[in-house]
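Letter by letter, the chains look like this.
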Amino acid sequence: MVMRNYLIDTFKFNDSANRKLLPKINELPEKDECIKLFSHLINCQYKWMAGIKNAPNASVLEWWNPVYPFERLESEWQRSLEIWLDYLAGMTDEGLSGEIIINNFDGASWAVKPQDIAIQLNYHSIHHRAQIQYLIRKQGVKPDFLDYIRGRFRKI
């Protein structure tokens, strides 16, 4: 279960780091772009899981909409995260590394490994978190240090 555990740990790291953005976003005079980016991360988690499950609504879910009100970001993030943590908890490394067919998004069928979708979501989260951090700094608010290593080293 090396891959499954890695993915769960990575989702948990991104969860912790992304939640630390919310108080900073709330301090901003101009929140809209950060809210849009954070909403996009939520929507991606919903849309990719709908694709994995071949849900009938998968093709109509959007990457950038809805944009959630700031007050709903934390609860929607939690909901989108839980579906991934639950999914991963029920998977084996073999299941995660086997190709599945997704029949949506652009109308074509796509073969993909669930682990690659999970990795994409986490790397994508890092990308947009960096954009949010930039927007926070640009508006004069000091962003938190959210690098992965921060939670892995200790002063002795």
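Residues numbered from 1 in each chain as written. Predicted model: local features only at pLDDT ≥ 70, side-chain atom pairs only at ≥ 80, totals over all residues. Heavy atoms only, no water.

Asker: Describe the packing of helix H1 (residues 2–27) against helix H2 (residues 32–52), and please don't skip the residues or the numbers.
Answerer: At a minimum axis distance of 11 Å, the contact between H1 and H2 shows a crossing angle of 155°. Classified by the angle between their axes, H1 and H2 sit roughly antiparallel to one another. Judged by the sense of rotation from one axis to the other, the crossing of H1 with H2 is left-handed. Here Phe11, Asn18, Leu21, Leu22 and Ile25 of H1 come into contact with H2, specifically with Cys34, Ile35, Phe38, Leu41 and Gln45. When grouped by side-chain class, the residues that make up the contact of H1 with H2 number eight nonpolar, two polar and no charged. (Axes fitted to C-alpha atoms, helices over the stretch in contact; angles between N-to-C directions. Helix = DSSP H or I, 4+ residues; strand = E, 2+ residues; numbered from the N terminus. Parallel < 35°, antiparallel > 145°, perpendicular 65-115°, else oblique. Left-handed = near helix turned anticlockwise from the far one by under 90°. Contact = heavy atoms within 4.5 Å. Nonpolar A, V, L, I, M, F, W, Y, C, P; charged D, E, K, R; others polar.)

Asker: Please give an account of the nonpolar core that cites residues and values.
Answerer: The nonpolar side chains of soluble globular proteins are, as a tendency, buried together. Ranked by internal contacts, the top residues of the largest apolar core, which has 42 residues, are Ile25, Phe38 and Trp84. Sorting the residues of this core by element identifies H1, H2, helix H3 (70–89) and helix H5 (114–138) as the ones contributing at least two each. Other than its neighbours up to four places away in sequence, Trp84 contacts Phe11, Gln45, Trp48, Met49, Ile52, Ile117, Ala118 and Leu121. (Core = buried A, V, L, I, M, F, W, Y, C linked by side-chain atoms within 4.5 Å. Buried < 20%, exposed > 50% of the residue type's maximum accessible area, 1.4 Å probe, protein only.)

Asker: Tell me about the side chain of Lys24, and name the residues and values.
Answerer: Take Lys24: it is sitting in helix H1. With sequence-adjacent residues up to four places away left out, Lys24 is seen in contact with Ile136, Val141, Lys142 and Asp144.

Asker: For the environment of Leu28, give the residues involved together with the corresponding values.
Answerer: Looking at the element boundaries, Leu28 is found in the loop between H1 and H2. Separated by 108 residues in the primary sequence, Leu28 and Ile136 place their C-alpha atoms 7.0 Å from one another. Setting aside residues no more than four positions away along its own chain, Leu28 makes contact with Cys34, Ile136, Gln139 and Val141.

Asker: Lay out H2 in plain terms, naming residues and giving numbers.
Answerer: Here H2 contains 21 residues, and its C-alpha end-to-end distance of 30 Å stays within 8% of the 30 Å for a straight helix at 1.5 Å per residue. The element H2 is extensively covered by neighbouring structure, given that 18 of its 21 residues are classed as buried. One or two residues past the end of H2 sits Asn54, with phi positive at roughly 50°. (Expected span 1.5 Å × (residues − 1).)

Asker: Any chance you could break down the state of the cysteines for me, citing the residues and the numbers?
Answerer: As enumerated under the stated definition, the model contains zero disulfides in all. Cys34 takes part in no disulfide bond, and the closest cysteine sulfur to it belongs to Cys44, at a distance of 16 Å. A residue is classified by how much of its surface remains accessible, and Cys44, at 4% relative accessible area, is buried. (Disulfide = S-S within 2.5 Å.)

Asker: Summarise unusual backbone geometry; cite the residues concerned and give the values.
Answerer: Following Asn65, the chain continues to Pro66 via a peptide bond in cis, the omega torsion being 5°. As for its placement among the helices and strands, Pro66 is situated in the loop between H2 and H3. Although it is not a glycine, Asn54 adopts a positive phi angle of roughly 50°. Tracing the sequence through the fold places Asn54 in the loop between H2 and H3. A residue is classified by how much of its surface remains accessible, and Asn54, at 37% relative accessible area, is partly exposed.

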